[in-house]
Amino acid sequence: MPAYNAAQTLQKTYDEVMAQGIVDKVIVVDDASFDETVKIAKGLPNTIVHTHPHNQGYGANQKTCYRLALEEEADIVIMVHPDYQYTPKLIPAMASMIANDLYPCILGSRILGGYAIKGNMPVWRYISNRFITFVENILTGAKLSEYHTGYRAFSRGLLQQLPLEENSDDFVFDNQMLLQILWFGHTIAEVSCPTRYTYDASSISFWRSIKYGFGCLGTAVKFRLAKMKIIKSRLFP
Ligand SMILES: Nc1nc2c(ncn2[C@@H]2O[C@H](COP(=O)(O)OP(=O)(O)O)[C@@H](O)[C@H]2O)c(=O)[nH]1
Ligand SMILES: [Mg+2]
């Protein structure tokens, strides 16, 4: 769980994660929250709490998460935002798809099943999501319903293969990571995921979203140019 000011929802997310009965360990990385996230995290059983001394960004937070997960010898790693936006009830399904060697990466999609709309995703975000996804599918050749979910499962082998340290420390990290997975020729699977949009589950501002959107498009263009051997990119070695 990459956490940033998640005090209101961390416990609830954690409880539902553990209720699934198959999670051995939770890792919470706190990115210098100014609420009680760390205090709450430290009270959770079977949980490793790591704190960044200063705010380093969402991508940097995930880099720490995956590094710690590999150090803990995790076989299956599930990243979920601790803002209780995505239901932890899909964890057994996602984990089993990896355990059975079907796919190395599973996404919980808010678009499949129409949950983005049902869960009240703001319309401007829905339209941007659909547009960016459309362009990225064309540029990568993949057929994903979205590239922007905060609910993702990975196999250990996949995490070891990806050059994650080359990625941004900001939100676009999420997108770079998925495109790296495609770059290495893997299939990304998706399951439809009930989602809710409330004030405590969504805080990213309009301008940061715009920056993220252009970052996604830029990453996809880099991917295509690197595939065509027109440029060299450290993201896509
Ligand atoms: N590490 C870190 N995470 C952040 C920062 N700002 C937002 N986040 C996290 O990024 C995730 C996505 O943000 P959120 O506002 O929930 O976006 P949305 O769910 O897509 O509307 C959440 O888990 C936030 O806690 C930050 O500065 N650092
Ligand atoms: Mg959220």
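Here is a short report on the structure shown in this document.

1. Examining the sheet that holds strand β6 (residues 151-155)
Ordered in space as β4-β6-β5-β7, the four strands form an open sheet in which the pairing is mixed. Each edge of the open sheet carries a strand with a single partner, namely β4 (76-80) and β7 (188-192). Along the sheet, successive strands turn relative to each other by an average axial angle of 20°, direction set aside. Relative to β7, strand β5 (residues 105-109) runs parallel, the two being bridged by five bridges. The partner of I106 across the bridge, within β7, is A189. Strand contacts of helix α8 (residues 173-183): β4, β5, β6 and β7, with the helix running at about 40° to β6, the strand carrying the most contacts.

2. Considerations on the sheet that holds strand β1 (residues 2-3)
On the basis of which strands lie adjacent, the open sheet formed by three strands has the order β1-β2-β3 and parallel pairing. Since the sheet does not close on itself, it has two edges, and those belong to β1 and β3 (47-51), each with one partner. In this structure, β1 lies alongside strand β2 (residues 26-30), joined through two bridges in parallel fashion. Residue pairing for β2: P2 is matched across the bridge by V29.

3. Details of the site of ligand 1
Not every one of the 16 residues close to ligand 1 is listed here, only the nearest: D31, Q85, R125, S202 and S203. In this structure, G57 approaches ligand 1 through a main-chain N or O atom, which is 3.4 Å from a nitrogen atom. In the environment of ligand 1, an oxygen atom lies 2.8 Å from a nitrogen or oxygen atom belonging to the side chain of R125. Coverage of ligand 1 by the protein amounts to 92% of the 570 Å² it exposes when considered alone. Given that more than half its atoms are within 2 Å of the pocket grid, ligand 1 belongs to the largest pocket. Classifying every residue of the shell around ligand 1 by side-chain character gives six nonpolar, seven polar and three charged.

4. What to know about the environment of A116
Within the fold, A116 resides in helix α5 (residues 115-118). Sequence-distant contacts of A116, defined by excluding residues within four places in its chain, comprise R110, I111, M121 and Y126.

5. Observations concerning the packing of α8 against helix α9 (residues 206-227)
Packed helices, taken two at a time, are described by their axes: the angle between them and the distance between them. Look at α8 against α9: their axes get within 10 Å of each other, and the N-to-C directions meet at 20°. Considering their axes alone, α8 and α9 lie roughly parallel with respect to each other. Here α8 runs over α9; the crossing is right-handed. Here N175, Q176, L179, L182 and W183 of α8 come into contact with α9, specifically with Y212, C216, T219, A220, F223, A226 and K227. Of the residues belonging to the contact of α8 with α9, the class tally is eight nonpolar, three polar and one charged.

Each value, and the rule that gives it
- Residues numbered from 1 in each chain as written.
- Chains lettered and ligands numbered in written order.
- Predicted model: local features only at pLDDT ≥ 70, side-chain atom pairs only at ≥ 80, totals over all residues.
- Heavy atoms only, no water.
- Pairing = 2+ DSSP bridges.
- Helix = DSSP H or I, 4+ residues; strand = E, 2+ residues; numbered from the N terminus.
- Axes fitted to C-alpha atoms, helices over the stretch in contact; angles between N-to-C directions.
- Contact = heavy atoms within 4.5 Å.
- Near = heavy atom within 4 Å.
- Polar contact = N/O pair within 3.5 Å; in protein donor to acceptor, adjacent residues only side chain to side chain.
- Areas by Shrake-Rupley, 256 points an atom, 1.4 Å probe, with all protein chains shown as cover.
- 1 Å grid on protein atoms, 1.4 Å probe; cavity = no way out; pocket = protein on both sides within 12 Å on 5 of 7 lines; lining within 4 Å.
- Sits in = over half its atoms within 2 Å of the grid points.
- Nonpolar A, V, L, I, M, F, W, Y, C, P; charged D, E, K, R; others polar.
- Parallel < 35°, antiparallel > 145°, perpendicular 65-115°, else oblique.
- Left-handed = near helix turned anticlockwise from the far one by under 90°.

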